[in-house]
Amino acid sequence: MAMIVMSGCGDDTPSAGSAAPSAPAATSVPPVTPAPAGLDAATRTTCATAEKDITAALKEVAEAEKIGPPAGHSAVSAQYSAGAATLYTHAFTSSDEVNSAVKGVATEMADLADAWAKAPGKAPSRADLTAARDKLKAACAAD
């Protein structure tokens, strides 16, 4: 019976068996760490500024939409144009992905400005702007 208890104690120490596999796993972890480059501080600042500018522009657009036709439609177009122009000033960072995403949002704002100017009686879809903004958020979230 003592042999059974002692052999049971020897089998209850799987930590020696577990320690061996965890050592190679720790060796394979370091190559994964350097892979994500992350965003530098200037690019993170650009992302924050761009998001702030987009929010401000959309707030101005909403205010202009309240004016109503016909003057309101011209104001909406002007606000989208102003928002796009502001964003283009932030489209130069060390991240090509962020640059492209900022330019994408600016382009969609410019397209909406044109759409409002050409057909002021009909509000165009913002779906492409929303998609471009989501792409910017994803690019800015890259670590």
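1. Description of the overall build of the protein chain
Per the secondary structure count, the protein chain includes six helices and zero strands. Helices and strands appear in the protein chain in the N-to-C order α-α-α-α-α-α. For the protein chain, with 143 residues in total, the buried portion stands at 29%. Partitioning the intrachain contacts of the protein chain with sequence separation of at least 6 by distance along the chain shows that 68% fall at a separation of at least 24. Total accessible area on the protein chain is roughly 8,700 Å²; 64% of this is exposed by carbon and sulfur atoms.

2. Let's talk about the nonpolar core
The biggest cluster of nonpolar side chains holds 28 residues, and the ones touching the most others in it are Y80, L87, V98, M109 and L136. Taken together, the elements giving at least two residues each to this core come down to α3 (41–67), α4 (71–88), α5 (96–118) and α6 (127–141). With nine residues, α5 is the single largest residue contributor to this core. Setting aside chain neighbours within four positions, we find V98 in contact with L39, T43, C47, T93, L136, A139 and C140.

3. Description of α3
Over its 27 residues, α3 runs 40 Å from end to end, which matches the ideal 39 Å to within 8%, given 1.5 Å per residue. Turning to α3, the residues buried within the fold contact α4, α5 and α6. N-cap assignment for α3: the residue whose side-chain oxygen lies 3.2 Å from the backbone N of A42 is D40. Looking one or two residues beyond α3, the residue adopting positive phi is G68, at roughly 85 degrees.

4. Here's the deal with the confidence of the model for the protein chain
The pLDDT averaged across the protein chain works out to 78; a share of 73% of its residues lies at or above 70. Within the protein chain, the element-level pLDDT minimum falls on helix α2 (residues 15–32), averaging 43, and the maximum on α6, averaging 95. Contacts of residues 1–36 to residues separated by more than four positions or lying in other chains number one contact, the stretch itself having pLDDT below 50.

5. Quick look at the environment of C47
For C47, the position within the fold is in helix α3. According to the relative accessible area criterion, C47 is buried, its value standing at 8%. Discounting residues that sit within four places of it in the chain, C47 has contacts with L39, V98 and C140.

6. Things to note about the pattern of salt bridges
Scanning the model with the defined rule gives three salt bridges in all. Its salt-bridge partner being R133, residue E51 comes within 2.4 Å of it at the nearest N-O pair. Placement of the pair is E51 in helix α3 and R133 in helix α6, with a sequence separation of 82 residues. Judged by its relative accessible area of 23%, E51 is partly exposed. Exposure remark for R133: the relative accessible area of 17% places this residue in the buried category. Between E65 and R126 there is a salt bridge, with its nearest N and O atoms 3.3 Å apart. Here R126 lies in the loop between α5 and α6 and E65 lies in helix α3, a separation of 61 residues in the sequence.

Conventions and cut-offs
- Residues numbered from 1 in each chain as written.
- Predicted model: local features only at pLDDT ≥ 70, side-chain atom pairs only at ≥ 80, totals over all residues.
- Heavy atoms only, no water.
- Helix = DSSP H or I, 4+ residues; strand = E, 2+ residues; numbered from the N terminus.
- Buried < 20%, exposed > 50% of the residue type's maximum accessible area, 1.4 Å probe, protein only.
- Contact = heavy atoms within 4.5 Å.
- Areas by Shrake-Rupley, 256 points an atom, 1.4 Å probe, with all protein chains shown as cover.
- Core = buried A, V, L, I, M, F, W, Y, C linked by side-chain atoms within 4.5 Å.
- Expected span 1.5 Å × (residues − 1).
- Polar contact = N/O pair within 3.5 Å; in protein donor to acceptor, adjacent residues only side chain to side chain.
- pLDDT = per-residue confidence, 0-100.
- Salt bridge = Lys/Arg side-chain N within 4 Å of Asp/Glu carboxyl O.

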